[in-house]
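Chain and residue survey
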Amino acid sequence: MSFINYSSREINCKIVYYGPGLCGKTTNLQFIYTKTNPDLKGKMISLATETERTLFFDFLPLALGQIRGFKTRFHLYTVPGQVFYDASRKLILKGVDGVVFVADSQIERMEANLESIDNLKVNLREQGYELDKIPFVIQYNKRDLPNAAPLDELRRQLNPSGVQDFEASATTGEGVFETLKAVAKTVLSDLKRLSR
Amino acid sequence: MMDTQLVMYEEDFKKILAVIQRLVRDANAKGIFVVDKNGQLIAEAGEVRGIDTTSLASLTAGSIAATGGLAKIIGEDDFPVHFHQGARDNLHITLVGGRIILVVVFDDRSSLGLVRLRVKKAGTEMGKIFEDIQKKAESEAATGTSTSPFAEITDDDIDNLFSE
Ligand SMILES: Nc1nc2c(ncn2[C@@H]2O[C@H](COP(=O)(O)OP(=O)(O)OP(=O)(O)O)[C@@H](O)[C@H]2O)c(=O)[nH]1
Ligand SMILES: [Mg+2]
């Protein structure tokens, strides 16, 4: 739920990175964090297990610049992808303005991707949102791996409605900023649409 | 149903600030933060230098969300009051009107009893202010008189954000 503050002339939007366990959500945020100018970012918070799996969420606040005199800030969150953390995923989705679905391109993770995207739809619906009505982009991550499924196969299975999608390798950062920019733009366009 | 978007105008902000500035004094608190349930900082007062307020807001919201989830599991609506005791500083956290979180940081210049007492009154006032904000937002939404700065933005404005 975006928050417009006339007093400090700021607008805050919440973007959630969703996807199956180990697909690379945290790696996306880490890459964004390391490549962002210190003036434009806050601290990255990772609530993780000892084995670096996300336990509750990662959080990264980013400042993008000004629109019409308003500072535009994005709060990026990741959810824990492991199936049994569903209760936590629901909490992180509250008040979301835009979603990035990070798919794991590895062919043996197709089932996990499909389950996760279904889980996303169910959890959004519980809060009165529909996935095809909110800003949403897809990232096919781990394109660098030899066992990555062909792009058109991933598209066919995961993106039947043809939302914007991107190939990525979050460890090297390929596609990471493209994905972020796309979702941020979609969120801002949506704000514009909703406020008319 | 989805919440309406939170819009904060200067005059509402001043009212909130006045409440928490008074609360800092009345409760002998070190610092006070008003956080939206989605993790955004709304206002702060007191000795807040050196505190990473953005992180504080996001973690407070996460913690309230988690305990709210726990409450539902055992059949409670919510746990409206939280207290964390540290070696030096303590945290007193209250939910106001289901949407706003009031965080009070205090040390041994104050006491839990005093904080609890003062927060009760300030919380009621704050709840009232946010109720008014909510009503304003709803009536603007209903009559279409919202003055969002985003109604007028162009695709170029959006592109310019990303042109570095
Ligand atoms: N080869 C390759 N490995 C990647 C890529 N992205 C992430 N990884 C690796 O995959 C593992 C899991 O990445 P994370 O970012 O922690 O995954 P996650 O989605 O946050 O996982 P959960 O927190 O459990 O939901 C790490 O070892 C990463 O280094 C990629 O594009 N290519
Ligand atoms: Mg993670």
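Reading the values: rules and limits
- Residues numbered from 1 in each chain as written.
- Chains lettered and ligands numbered in written order.
- Predicted model: local features only at pLDDT ≥ 70, side-chain atom pairs only at ≥ 80, totals over all residues.
- Heavy atoms only, no water.
- Axes fitted to C-alpha atoms, helices over the stretch in contact; angles between N-to-C directions.
- Helix = DSSP H or I, 4+ residues; strand = E, 2+ residues; numbered from the N terminus.
- Parallel < 35°, antiparallel > 145°, perpendicular 65-115°, else oblique.
- Contact = heavy atoms within 4.5 Å.
- Nonpolar A, V, L, I, M, F, W, Y, C, P; charged D, E, K, R; others polar.
- Near = heavy atom within 4 Å.
- Polar contact = N/O pair within 3.5 Å; in protein donor to acceptor, adjacent residues only side chain to side chain.
- Areas by Shrake-Rupley, 256 points an atom, 1.4 Å probe, with all protein chains shown as cover.
- pLDDT = per-residue confidence, 0-100.
- Patch = residues over 30% accessible without salt bridge, like charges linked within 9 Å, V, L, I, M, F, W, Y side chains within 5 Å.
- Salt bridge = Lys/Arg side-chain N within 4 Å of Asp/Glu carboxyl O.
- Buried < 20%, exposed > 50% of the residue type's maximum accessible area, 1.4 Å probe, protein only.
- Buried area = accessible area lost by both parts, 1.4 Å probe.

Let's talk about the packing of helix α1 (residues 10-26) of chain B against helix α3 (residues 112-143) of chain B
All names here are of chain B.
- α3 packs onto α1 with a crossing angle of 180° between their chain directions and a minimal axis gap of 10 Å. Taken together, the axis directions place α1 and α3 in an arrangement best described as roughly antiparallel. Residues E11, D12, K15, I16, V19, I20, R22, L23 and D26 of α1 touch α3, and the partners they reach there are L114, R118, V119, K121, A122, E125, M126, I129, F130, I133 and K136.
- Residues belonging to the contact of α1 with α3 are distributed by class as follows: eleven nonpolar, no polar and nine charged.

Examining the site of ligand 1
Residue and element names in this part refer to chain A.
- Lining the immediate environment of ligand 1, one finds 19 residues, of which K25, T26, T27, R53 and G81 sit closest.
- Separating an oxygen atom of ligand 1 from a side-chain N or O atom of K25 is a distance of 2.7 Å.
- At 3.3 Å from an oxygen atom of ligand 1 is found a main-chain nitrogen or oxygen belonging to K142.
- With the chains in place, 80% of the 660 Å² that ligand 1 exposes on its own is no longer accessible.
- Looking at the shell around ligand 1 element by element, the count peaks at three residues for helix α1 (residues 25-35).
- A per-class count over the shell around ligand 1 returns six nonpolar, nine polar and four charged.

What about the confidence of the model for chain B?
Residue and element names in this part refer to chain B.
- With 93% of its residues at a pLDDT of 70 or more, chain B has an overall mean of 89.
- Here helix α4 (residues 155-161) stands out as the least confident element of chain B, with mean pLDDT 79; strand β6 (residues 100-106) is the most confident, with 97.
- Both scores are given for the predicted complex: the pTM is 0.92, the ipTM 0.84.

As for a nonpolar patch on the surface
- Taken together, L70, I73 and I74 of chain B make up a surface patch of nonpolar side chains, about 350 Å² in accessible area.
- Relative to the helices and strands, L70 of chain B resides in helix α2 (residues 53-73).

Considering the pattern of salt bridges
All names here are of chain A.
- What the rule picks out here adds up to 19 salt bridges over all chains.
- Note that D86 is salt-bridged to R89, the shortest N-O span being 3.3 Å. Note that D86 and R89 are positioned in helix α2 (residues 86-93) at a spacing of three residues, about one turn of the helix.
- Judged by its relative accessible area of 22%, D86 falls in the partly exposed class.
- Beyond isolated ion pairs, a larger network of salt bridges with shared partners links D86, R89, K90 and E126.

Notes on the interface of chain A and chain B
- Counting residues at the interface gives 42 residues for chain A and 38 residues for chain B.
- Interface of chain A and chain B: buried area, both sides summed, is about 3,700 Å²; carbon and sulfur atoms make up 64% of it.
- A per-residue breakdown of the area chain A buries against chain B is headed by M1, F3 and Y6 of chain A, which together make up 19% of the total.
- The tally of links between chain A and chain B comes to one salt bridge.
- The salt bridge involving D157 of chain B is made with R68 of chain A; its shortest N-O contact spans 3.0 Å.
- Inspection of the region where chain A meets chain B yields three residue pairs in polar contact (both at pLDDT 80 or more).

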